[in-house]
Amino acid sequence: MTQFAFTPGNFPFQNRNALLDDYTPEEMVGRDDELEEYHAALQPAINASQPDNIFLYGKTGVGKTAATKFLLDRLEDASEQHDVAINTHVVNCDGADTSYRVAVELVNSFRDDKISETGHPRSKVYDLMWDSFDDHGGLIILVLDEIDHLQDDSLLYQLSRARENDNISNARVSVVGISNDLTYRDTLSPKVRSSLCERSINFPAYTAEELEKVLRQRRTIAFQDDILENGVIPLCAAFGAQESGDARKALDLLLKAGDVAHESDADMVREEHVRRGRGLLQEEEITRGILGLNTHEKILLYALASYVSSGDSPVRSRDLYRRYEMFCVGAGHDPLTSRWMHDHLDELEMLGLVSAEKRNEGSSGGQYKTFELSQDLIAVLDALDETIETVGVHHSVQTMLD
């Protein structure tokens, strides 16, 4: 039997954790203007005044949550030093996606005797929340991360009018909302928009130069000295800038490159490890995306992949539907309608798995759409292995699977 021994040895890392999601650096780089504006918005808190509600907008991976943690950690340290009562609470609305659930989570964050997540009138939960705030007193900063997942805005209205409506008297509450949806404010009811009095701060996508600054800062903490080839950081930054300026993806790529170098027994991390790591990350991302699809979406994607593998793509939707029908019959499923297929092709396009192009052949051919895979064919087929096993191996993909 093969023996697997775990022995110490960090090559090429010094502190690999410095490249992970939950790491907060001592200093933030590449977001100077945004941090300055954010700091100014929070400044009244250290003078025991209530800051305006603050809403941060920007795509995923542009530093909104990291900047919030960075500044609030320093604000809490300063509050202890200057004896100012400030307390922060973070709720991720991806999990707590209604005003009721957020209120329950806030109540339980203040109380030793927790309340159940269901079975209470909303008014009772709100009363418990107000009592918890007043019992604590001082300034309470509530961070609602991914606030665009919140299905209703009742809580935002209640929080913005809490003192005016005599719900609290000993405490003051400020809200920090973090949203990936740049149009989130437009979805709020007029009365909420008018009462929030929020200050908006936009976080643009990182440029390649800004990502280089981020990566170079983390490199000094994460890696051993002189272990990265000169082109590694610029290449990771360039790929990150291509990925919508997402710092998380650039950091993931640098981490993956280090892991690939380690597994290859290399003497340093090179550009080839970055490129290989990028391919592996893309495959992992494709697999995660496909695993989240339902059975019919997977069959539809397999139908498209079969056209791609035989060189017959882009493919018209009517032809794609015929093969989808054939695959459904082979798997023992009743095909869904062609209208369903068009709706779900749009969803697959949003997920980055499929690309569509409108064609116009005039009065003779009319307008129609053609479809193509947006991801590597082999990676898609690998992720569809269970579907292929159920449906059967189409002759067009046989060579690819071999």
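Preceding block: the structure.
Treat the numbers as computed from the prediction; the structure is a model and nothing was measured. Counting restarts for each chain, with residues numbered from 1 along the sequence as it is written. Local features in this predicted model are restricted to residues of pLDDT 70 or higher, and side-chain atom pairs are both shown and tallied only at a pLDDT of 80 or more, whereas totals for entire chains, interfaces and linings draw on every residue. Heavy atoms from the whole structure form the basis of all side-chain values; hydrogens and water molecules are not counted.

Draft legend 1. Inspection of the overall build of the chain at higher detail. We count a stretch as a helix when DSSP gives it H or I for four or more residues in a row; a strand needs E for two or more, and each element gets its number in order from the N terminus. Counting its secondary structure elements, the chain contains 17 helices and eight strands. Along the first, second and third principal axes, the C-alpha set of the chain runs to 75 × 55 × 55 Å. Using a 1.4 Å probe on the protein chains alone, a residue whose accessible area is under 20% of its type maximum counts as buried, one over 50% counts as exposed, and one in between counts as partly exposed. In the chain, which comprises 402 residues, the share counted as buried stands at 45%. By definition, residues are in contact when any of their heavy atoms lie within 4.5 Å. Partitioning the intrachain contacts of the chain with sequence separation of at least 6 by distance along the chain shows that 72% fall at a separation of at least 24. In these tables, accessible area is a Shrake-Rupley quantity obtained with a 1.4 Å probe, and a residue counts as shielded only by the protein chains included in the view. Here the chain has roughly 20900 Å² of accessible surface; of this, 45% comes from carbon and sulfur atoms. For the purpose of charge, His is not counted, nor are the chain termini; Lys and Arg are scored as positive and Asp and Glu as negative. Positions of charges follow a simple convention, taking NZ of Lys, CZ of Arg, CG of Asp or CD of Glu. Taking the average place of the 39 positive charges on the side chains of the chain and the average place of its 71 negative ones, the gap between the two points comes to 4 Å.

Draft legend 2. Main features of a negative patch on the surface. Patch membership requires over 30% relative accessible area and the absence of a salt bridge. Like charges are linked within 9 Å, and nonpolar side chains (Val, Leu, Ile, Met, Phe, Trp, Tyr) within 5 Å. We count a salt bridge whenever a side-chain nitrogen from Lys or Arg sits within 4 Å of a carboxyl oxygen from Asp or Glu. A surface patch of negative charge is lined by Glu-283, Asp-376, Asp-382, Asp-385, Glu-386 and Glu-389. If one sorts the elements of the negative patch by residue count, helix α16 (residues 385-391) sits on top with three residues. Tracing the chain through its elements places Asp-376 in the loop between β8 (367-373) and α15 (377-383).

Draft legend 3. Examining the layout of surface pockets more closely. The space that makes up the largest pocket amounts to roughly 1300 Å³. For the lining of the largest pocket, the elements supplying multiple residues, two or more each, are α2 (64-81), α7 (208-222), α8 (232-242), α9 (247-263) and α10 (271-291). Site definitions follow a grid-based scheme: protein atoms alone, a 1 Å grid, a 1.4 Å probe that fits but cannot get out for cavities, and for pockets an open set with protein on both sides within 12 Å along at least five of seven lines, plus lining residues having an atom within 4 Å of a point. Grid points are joined across faces, edges and corners, and a volume is the space filled by probe spheres set on the points.

Draft legend 4. Just the pattern of salt bridges, in detail. According to the stated counting rule, one finds 21 salt bridges in the structure shown. When the shortest N-O distance is used, the salt bridge between Arg-278 and Glu-243 registers 4.0 Å. Of the two residues, Arg-278 sits in helix α10 while Glu-243 sits in the loop between α8 and α9, which places them 35 residues apart along the sequence. A residue is classified by how much of its surface remains accessible, and Arg-278, at 22% relative accessible area, is partly exposed. For Glu-243, a relative accessible area of 27% corresponds to the partly exposed category. Each of Glu-243, Lys-249, Arg-278 and Glu-285 takes part in salt bridges that share partners, so that together they form one network.

Draft legend 5. Inspection of the packing of helix α1 (residues 32-42) against α2 at higher detail. Interaxial angles span 0 to 180 degrees and are taken between N-to-C directions of axes, which are lines fitted to C-alpha atoms, for helices over the stretch in contact. Look at α1 against α2: their axes get within 11 Å of each other, and the N-to-C directions meet at 45 degrees. Accordingly, the angle class assigned to the pair α1 and α2 is oblique. Our pair here, α1 against α2, has a crossing hand that is right-handed. Facing α1, whose interface residues are Leu-35, Tyr-38, His-39 and Leu-42, α2 presents Ala-67, Thr-68, Phe-70, Leu-71 and Leu-72. Along the lines of polarity and charge, the residues of the contact of α1 with α2 split into seven nonpolar, two polar and no charged. Here the angle decides the label: under 35 degrees means roughly parallel, over 145 means roughly antiparallel, 65 to 115 means roughly perpendicular, and every other value means oblique. Should the near helix be turned anticlockwise from the far one by less than a right angle, the crossing is left-handed, and should it be turned clockwise, the crossing is right-handed. Under the scheme applied, nonpolar residues are Ala, Val, Leu, Ile, Met, Phe, Trp, Tyr, Cys and Pro; charged residues are Asp, Glu, Lys and Arg; polar residues are all the others, including Gly.

Draft legend 6. Layout of the sheet that holds strand β4 (residues 171-179). At least two bridges found by DSSP between two strands is the condition for calling them paired. With respect to topology, five strands assemble into an open sheet ordered β2-β3-β4-β1-β5, the strand pairing being parallel. For this open sheet the edge positions go to β2 (86-92) and β5 (198-202), each flanked by a neighbour on one side alone. Across the sheet, the mean angle from the axis of one strand to that of its neighbour is 15 degrees, orientation sign disregarded. Alignment of strand β3 (residues 138-145) against β4, held across seven bridges, turns out to be parallel. In the strand pairing of β4, Val-143 is matched with Val-176. Contacting β1 (53-57), β3, β4 and β5, α1 crosses the sheet at an angle of about 165 degrees to β5.

Draft legend 7. Spatial organisation of the sheet that holds strand β6 (residues 315-316). Read across the sheet, three strands follow the order β6-β8-β7 without closing on themselves; strand pairing throughout is antiparallel. What marks the edges here is a single partner per strand, and that holds for β6 and β7 (354-360). Judged from the seven bridges that link them, β7 and β8 form a sheet pairing that is antiparallel. Following the sheet pairing, Arg-359 is matched in β8 by Tyr-368.

Draft legend 8. Representation of the environment of Asn-202 in the model. Secondary-structure assignment places Asn-202 in strand β5. C-alpha separation for the pair Asn-202 and Arg-323, spaced 121 residues apart in sequence, amounts to 46 Å. With residues up to four places along the chain from it excluded, the contact list for Asn-202 reads Glu-34 and Tyr-57.

Draft legend 9. Quick peek at the environment of Glu-80. Within the secondary structure, Glu-80 is located in helix α2. Among the residues examined, Glu-80 registers a relative accessible area of 68% and is labelled exposed. Glu-80 sits 103 residues away from Thr-183 along the chain, and the two C-alpha atoms are 37 Å apart.

Draft legend 10. Quick look at the nonpolar core. Side-chain atoms within 4.5 Å link the members of a nonpolar core, which is a set of buried Ala, Val, Leu, Ile, Met, Phe, Trp, Tyr and Cys residues. Formed by 37 residues in total, the largest nonpolar core has its most connected members in Val-102, Met-129, Trp-130, Phe-133, Leu-144, Leu-156 and Leu-159. Listing elements by their share of this core, those giving two or more residues are β1, α3 (99-110), α4 (122-136), β3, α5 (154-160), β4 and α6 (190-196). Of the residues forming this core, the biggest block, seven residues, is contributed by α3. Setting aside its immediate chain neighbours within four residues, Met-129 contacts Ala-103, Leu-106, Val-107, Leu-155 and Leu-159. One finds Tyr-324, Trp-340, Leu-348 and Val-391 within the second-largest nonpolar core, a separate group that totals 35 residues.

Draft legend 11. Local environment of α2. Expected span, for any helix, means 1.5 Å times one less than how many residues it has. Taking 1.5 Å of rise per residue, the 18 residues of α2 would be expected to cover 26 Å, and the 26 Å separating its terminal C-alpha atoms lies within 8% of that figure. Among all positions of α2, only Lys-64, Ala-67, Thr-68, Phe-70, Leu-71, Leu-72, Leu-75, Ala-78 and Ser-79 are buried. Those residues of α2 that are buried are in contact with α1, β1, β2, β3 and β4. Positive backbone phi, approximately 55 degrees, marks Asp-83, located one or two places after α2.

Draft legend 12. Spatial organisation of the environment of Arg-161. Relative to the helices and strands, Arg-161 is located in the loop between α5 and β4. For Arg-161, a relative accessible area of 21% puts it in the partly exposed group. The spatial distance from the C-alpha of Arg-161 to the C-alpha of Leu-196 is 8.5 Å, given a sequence separation of 35 residues. In this structure Arg-161 touches Asn-167 and Ser-195, once residues within four positions along its chain are discounted.

In short, shape yes, function no, at least from these values alone.
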